[in-house]
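Secondary and tertiary structure notes
This is what each chain is made of:
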Amino acid sequence: MTTQQNPVLSVRDLSIYFDTRFGPLRAVDGITFDLAPGEILGMVGESGAGKSLTGTAITGLLERPGRIDRGEIHFEGQRIDTLSAEEMRRLRGRKIGAIFQDPLTSLNPLMTVGQQLIQTIRTHLKLGQAAARQRAIDFLAEVGIPAPEARVDQYPHQFSGGMRQRVVIALALCAKPSLVIADEPTTALDVSIQAQILDLLKKMCRDHGAAVILVTHDMGVIAETADRVAVMYSGRIVEIGLVEKVVRDPHHPYSSGLMQSIPRVGSGVERLTQIDGAMPQLTDLPGGCAFHPRCPRALSECKITQPTPVPVGSGQVACHLFQGETA
Ligand code: SF4
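Reference entry: report on the structure contained in this document. Residue indices follow the written sequence of each chain, beginning from 1 at its first position. Where totals are concerned, whole chains, interfaces and linings use all residues; where local detail is concerned, this predicted model gives features only for residues with pLDDT of at least 70, and gives and counts side-chain atom pairs only at 80 or more. Side-chain metrics in this entry use all non-hydrogen atoms of the structure; hydrogen atoms and water are not considered.

Notes on the overall build of the protein
The way it works is that DSSP assigns letters per residue, a run of H or I at least four long becomes a helix, a run of E at least two long becomes a strand, and they are numbered from the N terminus. Scanning the protein from terminus to terminus reveals 11 helices and 12 strands. Here the globule rule reads 2.2 Å times residues to the power 0.38, and the radius of gyration is calculated from C-alpha atoms. Taken over the C-alpha trace, the protein has a radius of gyration of 21 Å; the compact-globule value for 327 residues is 20 Å, and the two agree within 12%. Taken along its principal axes, the extent of the C-alpha atoms in the protein is 65 × 50 × 45 Å. Split into buried and exposed, the 327 residues of the protein put 49% on the buried side. Contacts are assigned to residue pairs with any non-hydrogen atoms lying within 4.5 Å of each other. Taking the intrachain contacts of the protein between residues at least 6 apart in sequence as the baseline, contacts between residues at least 24 apart amount to 63%. Carbon together with sulfur atoms contributes 50% to the accessible area of the protein, which is approximately 15500 Å² in total. Taking the average place of the 33 positive charges on the side chains of the protein and the average place of its 34 negative ones, the gap between the two points comes to 4 Å. Burial classes follow relative accessibility: with a 1.4 Å probe on protein chains only, a residue under 20% of its type's maximum area counts as buried, one over 50% as exposed, and anything between as partly exposed. Areas reported here follow the Shrake-Rupley algorithm with a probe of radius 1.4 Å; residue values treat only the protein chains shown as occluding. Asp and Glu count as negative and Lys and Arg as positive, but His and the ends of the chain are not part of the count. Taken as the charge location is NZ of Lys, CZ of Arg, CG of Asp or CD of Glu.

Given below as structure tokens:
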């Protein structure tokens, strides 16, 4: 989904380094993308591709030795990568919601879920105690918690893993944010409830008008949930485009490999294709295109020159096979 509206989030040439005893290591390398209001952008890639770090930098939670080395992050027209920790903390609660893999990361075990929801609601919205409690109960009902009037006074340990993640979704959305960062929101959950939680996340964000960055290693999750997808490899976006286009007709050889790993019912394929090899370590990034040691279509120049993103169809691809193509 691309719209003519002003983007809710605009990331420009963002680079993140880690300062180590080996010297600075580049973990995210000059990524650029926009997010339209209400849009769901999937960020997909293997562990270490830089997708979670990008989400962490946007929420202002990047910790030393990680640091933003270059680039800008604009949220609702305001530059936010230069804000103080306190300014970012306020923005995070009110305008940017976060959902992590483990619901217990987001929940305080010593407070009832109601206390946590009411605290978030009252910190960011002008509501009295009774109105905030009612909003908390309404949100618990909306995310599918049975008997919310009773369960609002229970502690996180009294909920199952799936129910806890429902509470976290309520917590992320109860202060009316315009952006939610969801980092592997279903990876820790039982397979049987993953689809329900993804459907709920999608519905809640649509109903409340929040855009989403959905970070996952699972292309199947993106295919089911997102409007657009950014495929990341070794700290770069190698392809970005509409989900249905990238899934059906991926251009970058790495995207093609990822698409072949999505199980398709009735495809007759008994084994999922794997991409040979592993993503390079930050300490040992190859020259040129970082994917060249694993790429079945590598050209001689791929070892020497890093490809830049170019428009291909309605998306963008960073690969020498498409340099000079704008069709
Ligand atoms: Fe393969 Fe070369 Fe494209 Fe990299 S730039 S994905 S090595 S063809």
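Here we look at the packing of helix H4 (residues 113-124) against helix H5 (residues 129-142)
Here an angle of 0 to 180 degrees is reported between the N-to-C directions of two axes, which are lines fitted to C-alpha atoms, with helices fitted over the stretch in contact. Orientation of H4 relative to H5, taken along the N-to-C sense of each, is 120°, at an axis distance of 9 Å. Both H4 and H5 take part in a crossing whose hand is right-handed. Where H4 abuts H5, its residues Val113, Leu117, Ile118, Ile121 and Arg122 lie against Gln129, Ala132, Arg133, Arg135, Ala136 and Leu140. What makes a crossing left-handed is the near helix being turned counterclockwise from the far one by less than a right angle; a clockwise turn instead makes it right-handed.

Here we look at the nonpolar core
One finds Leu9, Phe33, Leu179 and Ile213 to be the most contacted residues of the largest nonpolar core, which totals 89 residues. The element best represented in this core is helix H7 (residues 161-173), accounting for 7 residues. Other than its neighbours up to four places away in sequence, isoleucine 213 contacts Leu9, Phe33, Leu35, Leu41, Met43, Ile58, Leu179, Val180, Ile181 and Ala182. In this text, buried Ala, Val, Leu, Ile, Met, Phe, Trp, Tyr and Cys residues form a nonpolar core when linked through side-chain atoms within 4.5 Å. The next biggest cluster of nonpolar side chains, apart from the first, holds 5 residues, and it includes Val310, Val312, Cys319 and Phe322.

What about the site of the ligand?
Throughout, near means a residue has at least one heavy atom within 4 Å of the molecule or strand. Within the structure, the ligand sits among 13 residues, and Cys289, Cys295, Cys302, Cys319 and His320 are positioned closest to it. Class assignment of the residues belonging to the shell around the ligand gives a composition of 9 nonpolar, 3 polar and 1 charged. Ten residue types, Ala, Val, Leu, Ile, Met, Phe, Trp, Tyr, Cys and Pro, are classed as nonpolar, four, Asp, Glu, Lys and Arg, as charged, and the remainder, Gly among them, as polar.

Let's talk about the pattern of salt bridges
Once their charged atoms are close, side chains differing in charge can pair, the charge on each being opposite to the other. Salt bridge criterion: a side-chain nitrogen from Lys or Arg within 4 Å of a carboxyl oxygen from Asp or Glu. Taken as a whole and assessed by the stated rule, the structure comprises 17 salt bridges. Note that arginine 67 is salt-bridged to aspartate 19, the shortest N-O span being 2.8 Å. Taken together, the residues span a long stretch of sequence, with arginine 67 in strand E4 (residues 66-75) and aspartate 19 in strand E1 (residues 9-20) at a distance of 48 residues. Residue classification places aspartate 19 among the partly exposed residues on the basis of a relative accessible area of 32%. Of the charged contacts, one joins aspartate 81 and arginine 79 as a salt bridge, the two residues approaching to 2.9 Å between their closest N and O atoms. What you see here is one network of salt bridges that share partners, running through Asp19, Arg64, Arg67 and Asp69.

Quick notes on the sheet that holds E1
Strand pairing in a sheet is mediated by backbone hydrogen bonds. Such pairs are either parallel or antiparallel. By the convention used here, strands pair only if DSSP detects at least 2 bridges between them. Overall, antiparallel pairing links the 4 strands, which are arranged E2-E1-E4-E5 in an open sheet. The strands lining the two open edges of the sheet, one partner per strand, are strand E2 (23-35) and strand E5 (78-79). Where helix H1 (residues 51-58) meets the sheet, its contacts fall on E1, E2 and E4, and the angle it forms with E1 comes to roughly 110°.

Some details on unusual backbone geometry
Note that the residue after arginine 64, namely proline 65, is joined by a cis bond; omega there is 10°. Considering the arrangement of structural elements, one finds proline 65 in the loop between H1 and E4. The residue glutamate 76 is not glycine, and still its phi comes out positive at about 45°. Here glutamate 76 shows up in the loop between E4 and E5. The class for glutamate 76 is partly exposed, based on a relative accessible area of 39%. Despite not being glycine, lysine 176 shows a phi value in the positive range, around 60°. When you line up the elements, lysine 176 lands in the loop between H7 and strand E7 (179-183). The class of lysine 176 is exposed, set by a relative accessible area of 52%.

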